[in-house]
Amino acid sequence: MLVTHTIAELRAHLRGVTGIAFVPTMGNLHQGHLDLVQIARQHGQFVVVSIFVNPLQFGVNEDYSKYPRTLEQDCKMLEQCGVDMVFAPSERDLYPQPQRVTVELPPVANELCGAFRPGHFRGAATVVLKLFNIVQPRIAVFGKKDYQQLYLMRQMAAQLNLPVEIIGGETVRASDGLALSSRNQYLNLAERAEAVFLYQNLVGIRLAIMDGATNFFKLERQAMEVLSARGWQVDYVTIRSQANLAEPTAYECNLVILAAAWLGKTRLIDNLEVLRDG
Ligand code: PAF
């Protein structure tokens, strides 16, 4: 496995390589990322993983500086998974000058997580577009854990005619159901025990919908109240259409329940797809 640190080095090695499958990450890898790598291996001939903690997608008071950076450990894991190349650029290499050209996304980028993290998706889409231009993959894999991000990357690829197919990988969960995330390690023991409740809440909403509940506003409000009563600071719990992340019509069958909430100083997100009978 080759580990490249500059754009020039990466381009020199990738000259003539076709069928690239790409997994962009911010490192501190866990099984969720490794599953995305497996999907990449199934779809491409040459797998590239990028590791870059992207300052552009963090707000001023967010965890950019404390975000775990574990390159050596990440590379060992990726080598064992059969990755062909890691791209771990420096900030200076990726942003040699202030990034003034950015990707403008559809308005839904300012809803859900975008409402609480202004500019986050613009920063994520901008770095992903830069990485696509550098790596030139045929396919790229993103986790469904970041459901809104996956939707927006699909929109960006489709609406900007990027020659890349976007594939979504299922969320990987701990044995109790908590979605794997690099940020889980910020949780103390008591918070870790409580954290699974976010997922359990989504499961409860899904059951209610499957049982015929149609008052989504009530389900959302109840879930937020229950979480708040347990000490969470809730950003949102919402039921949306899978197709466009808009509020669903009463007859929409493909739904997704999305939630973001803080446990102490840690912000957790999760989501669950629901397929209703039409
Ligand atoms: O999902 C992530 O880890 C990041 O948002 C991404 C896609 C690597 C862009 O920095």
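Overview of the structure.

Conventions we followed
- Residues numbered from 1 in each chain as written.
- Predicted model: local features only at pLDDT ≥ 70, side-chain atom pairs only at ≥ 80, totals over all residues.
- Heavy atoms only, no water.
- 1 Å grid on protein atoms, 1.4 Å probe; cavity = no way out; pocket = protein on both sides within 12 Å on 5 of 7 lines; lining within 4 Å.
- Points joined across faces, edges and corners; volume = space filled by probe spheres on them.
- Nonpolar A, V, L, I, M, F, W, Y, C, P; charged D, E, K, R; others polar.
- Axes fitted to C-alpha atoms, helices over the stretch in contact; angles between N-to-C directions.
- Helix = DSSP H or I, 4+ residues; strand = E, 2+ residues; numbered from the N terminus.
- Parallel < 35°, antiparallel > 145°, perpendicular 65-115°, else oblique.
- Left-handed = near helix turned anticlockwise from the far one by under 90°.
- Contact = heavy atoms within 4.5 Å.
- Pairing = 2+ DSSP bridges.

## Looking at the layout of surface pockets
Point 1. Its boundaries defined by the atoms lining it, the second largest pocket holds a volume of some 160 Å³.
Point 2. If you go around the second largest pocket, you meet 13 residues; those closest to its centre are Ile51, Phe52, Val53, Arg69 and Leu71.
Point 3. Among the residues forming the lining of the second largest pocket, the class breakdown is 8 nonpolar, 3 polar and 2 charged.

## Points about the packing of helix H8 (residues 189-210) against helix H9 (residues 216-229)
Point 1. At a minimum axis separation of 11 Å, H8 and H9 run at an interaxial angle of 155°. In terms of orientation, H8 and H9 fall into the roughly antiparallel class. Between H8 and H9 lies a crossing whose hand is right-handed. Contacts between H8 and H9 involve Phe197, Leu198, Asn201, Ile205, Ala208 and Ile209 from the first element and Phe216, Leu219, Ala223, Val226 and Leu227 from the second.

## What to know about the sheet that holds strand E5 (residues 139-143)
Point 1. As summarised here, the arrangement of the 6 strands in space is E1-E4-E3-E2-E5-E6, forming an open sheet in which the pairing is parallel. The open sheet has two free edges, formed respectively by strand E1 (2-4) and strand E6 (165-169), since each of these has just one partner strand. Adjacent strand axes in the sheet meet at a mean angle of 25°, parallel and antiparallel pairs treated alike.
Point 2. Bridge analysis of strand E2 (residues 20-25) against strand E3 (residues 46-51) gives 6 bridges, and the strand direction is parallel. Each residue of the ladder has a partner; that of Phe22, found in E3, is Val48.
Point 3. Helix H2 (residues 31-43) rests against E2, E3, E5 and E6 of the sheet, and its axis sits at about 155° to E5.
Point 4. Strand contacts of helix H6 (residues 120-135): E2, E3, strand E4 (85-87), E5 and E6, with the helix running at about 150° to E2, the strand carrying the most contacts.

The values are spatial; any link to function lies outside them.
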